[in-house]
Amino acid sequence: SQKIEQNSEALNIQEGKTATLTCNYTNYSPAYLQWYRQDPGRGPVFLLLIRENEKEKRKERLKVTFDTTLKQSLFHITASQPADSATYLCALDFRYALNFGKGTSLLVTP
Amino acid sequence: GAGVSQSPSNKVTEKGKDVELRCDPISGHTALYWYRQSLGQGLEFLIYFQGNSAPDKSGLPSDRFSAERTGGSVSTLTIQRTQQEDSAVYLCASSLGAGETGELFFGEGSRLTVL
C-alpha cells in the first residue's frame, strides 16, 4: 500500500541555521508533492507545490527538492526563526485528493 | 467569508449520540474535502466532493459516517451512534478543483470529543 514517511522525532535547531525536513514515499508515483505548515490547534496552511518534472522550487526562505528516483522530497528553511516553529506536513496527490504524512515537528530556539 | 469556515469548533457528546459538523467552503471553490486528524496521527482522508459529481466516499471508516454537500457549497458531515474512537479533529478543506488537486485551503477544524 502507499506509504508516506516523515521523521516522527522533533527537529530542534538554533535560530539562524538551516532546517531540513525529509519526506519519503513508497508504492507511489505522484504527479506532484505539496508541503503544508500546521500550528497547534489550527488547520494546515499550504506552503509549496513541486511537480514530478521539477527538481527544485524556492519561495523566500523555503526550498523544496523532489527526487522521483529516490522517492524523496527535502524541505529546507534557511535562516530559521523561532516563528518557523510548527509541524510540517508533506502531501502527495492521490486520485483527486491528497495523502498526508504524519508531519515533523520543528522547534527553532533563539 | 474569506476562508473556510467550520462549526462547531468544539463538540462534546456522549457515546451513541449523533453529531453533525458543518463546513462552509471558500466561495467559488468547487472541490471540498473532509479529513480526520487523531491525536499524534496524520490527516486521514474521508470524503471528496467535486461540483455536482458523485462524491468519492472511499475514506469513510464505517457506514456510521456520511456527508452531504448542498447546492455545491455548504457540506455537513454526520456521524451516527458516535463511538469513543471517533474523537478527533475533523478538518474541512476546499480548492478551486479545476483539473489537478491544487492548493487546499483548510478550516480550523471541529474538535469532537466522545465521552
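Reading guide: rules and limits
- Residues numbered from 1 in each chain as written.
- Chains lettered and ligands numbered in written order.
- Predicted model: local features only at pLDDT ≥ 70, side-chain atom pairs only at ≥ 80, totals over all residues.
- Heavy atoms only, no water.
- Helix = DSSP H or I, 4+ residues; strand = E, 2+ residues; numbered from the N terminus.
- Rg over C-alpha atoms; globule rule 2.2 N^0.38 Å.
- Buried < 20%, exposed > 50% of the residue type's maximum accessible area, 1.4 Å probe, protein only.
- Contact = heavy atoms within 4.5 Å.
- Lys, Arg positive; Asp, Glu negative; His and termini not counted.
- Charge placed at Lys NZ, Arg CZ, Asp CG, Glu CD.
- Pairing = 2+ DSSP bridges.
- Buried area = accessible area lost by both parts, 1.4 Å probe.
- Salt bridge = Lys/Arg side-chain N within 4 Å of Asp/Glu carboxyl O.
- Axes fitted to C-alpha atoms, helices over the stretch in contact; angles between N-to-C directions.

1. Looking at the overall build of chain A
So, step 1. Across its full length, chain A holds zero helices and 11 strands.
So, step 2. Going from the N terminus to the C terminus, chain A shows its helices and strands as β-β-β-β-β-β-β-β-β-β-β.
So, step 3. By the compact-globule yardstick of 13 Å for 110 residues, chain A fits well, its C-alpha radius of gyration being 13 Å.
So, step 4. Counting only C-alpha atoms and orienting by the principal axes, one finds that chain A spans roughly 40 × 30 × 20 Å.
So, step 5. Expressed as a percentage of the 110 residues in chain A, the buried residues total 46%.
So, step 6. Contacts in chain A between residues at least 24 apart in sequence constitute 54% of all its contacts with a sequence separation of at least 6.
So, step 7. Counting 14 positive and 11 negative side-chain charges, chain A places the centres of these two groups 2 Å from one another.

2. Structural notes on the pairing of strand β10 (residues 110-114) of chain B
Residue and element names in this part refer to chain B.
So, step 1. Every second residue of β10 is oriented toward a common face, the buried set being S110, L112 and V114 and the non-buried set R111 and T113.
So, step 2. When strand β2 (residues 10-13) meets β10, the two strands line up parallel, connected through four bridges. When the bridges of β10 are listed, N10 appears paired with R111.
So, step 3. Pairing geometry for strand β8 (residues 88-95) and β10, over three bridges, is antiparallel. Looking at β10, one finds that A88 is bridged to L112.

3. A few points about the interface of chain A and chain B
So, step 1. Across the contact, 18 residues belong to chain A and 21 residues belong to chain B.
So, step 2. Roughly 1,700 Å² is buried in total at the junction of chain A and chain B, and carbon and sulfur atoms are behind 48% of that figure.
So, step 3. For chain A, the biggest contributors to the area lost against chain B are A:Y96, A:F100 and A:K102; these three give 29% of the whole.
So, step 4. In this assembly, chain A and chain B are joined by two salt bridges.
So, step 5. With a shortest N-O distance of 3.2 Å, A:R95 and B:D56 are connected by a salt bridge.

4. Observations regarding the sheet that holds strand β1 (residues 5-7) of chain B
All names here are of chain B.
So, step 1. Sheet architecture is open: four strands sit in the order β1-β3-β7-β6, paired in antiparallel fashion. Among the strands making up the open sheet, the edge pair consists of β1 and β6 (65-69). Direction aside, neighbouring strands of the sheet carry axes that sit 15° apart on average.
So, step 2. Pairing between β6 and strand β7 (residues 75-79): five bridges, direction antiparallel. Counted as the bridge partner of F65 is I79 from β7.

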